[in-house]
Each structure stands twice: as C-alpha cells, then as structure tokens.
Amino acid sequence: MKTISEQLGNLIGLGIDLNHFFSVNVSNSGVTLIGNHTHEVEAYLITNGFKVYEHLYSDNPDWIELIKNGCRVALSK
C-alpha cells in the first residue's frame, strides 16, 4: 500500500487528461477513474500504455476496464 500522496504522484505521473472522466478516486490501495466509453477515449488510453484488463467486468459488455501502474479505469459503454 502507498500513501495518498504517493498515489496522487502516480496519477500525475501518468500524464493523462482527467477531463475524460466523471469520477476520480484516490486511496492508499490505488487510483480508480470512471468515465463514459468512446472509441476515442479507449484509443487514447491504449496509446498511453493502458492495457485492457477484464477482471470485474469480464461478463458485462456494457463496461470496459483498463489498467496501468496501479491506476484502474472503468468506462461505461
């Protein structure tokens, strides 16, 4: 586990545009971003090194989940 300050530093270090998301949660266990799915946002995240990660939403086609360096992104389709 990291401190909140360390997690915020991790989020800033990712250098992503937070305007793509409507919810940002920072805790000592990680960072979670939630937003609306568009092909542009998905491509933006993948271009920035995020990988599709089918863990929580593997059986729900209305959501896509991506992850990078402890930052989890969930996008609602």
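Keep in mind the model is a prediction, meaning the values are calculated, not measured.

Scoring rules and cut-offs
- Residues numbered from 1 in each chain as written.
- Predicted model: local features only at pLDDT ≥ 70, side-chain atom pairs only at ≥ 80, totals over all residues.
- Heavy atoms only, no water.
- Core = buried A, V, L, I, M, F, W, Y, C linked by side-chain atoms within 4.5 Å.
- Buried < 20%, exposed > 50% of the residue type's maximum accessible area, 1.4 Å probe, protein only.
- Helix = DSSP H or I, 4+ residues; strand = E, 2+ residues; numbered from the N terminus.
- Contact = heavy atoms within 4.5 Å.
- Pairing = 2+ DSSP bridges.

Visitor: With reference to specific residues and values, describe the nonpolar core.
Guide: Counting residues in hydrophobic clusters, the biggest one holds 14 residues, and the most contacted among them are Leu 33, Leu 45, Phe 50, Val 73 and Leu 75. Of the residues forming this core, the biggest block, three residues, is contributed by strand β5 (residues 71-76). Other than its neighbours up to four places away in sequence, Leu 45 contacts Phe 21, Phe 50, Leu 66, Val 73 and Leu 75.

Visitor: Account for the pairing of strand β2 (residues 30-36), naming residues and giving values.
Guide: Of the strand pairs in this sheet, strand β1 (residues 23-27) and β2 are connected by five bridges, and their pairing is antiparallel. If you follow Ser 27 over to β2, its bridge partner there is Gly 30. Connecting the antiparallel pair β1 and β2 is a turn made up of two residues. Pairing geometry for β2 and β5, over six bridges, is parallel. Paired with Val 31 across the bridge in β5 is Cys 71.

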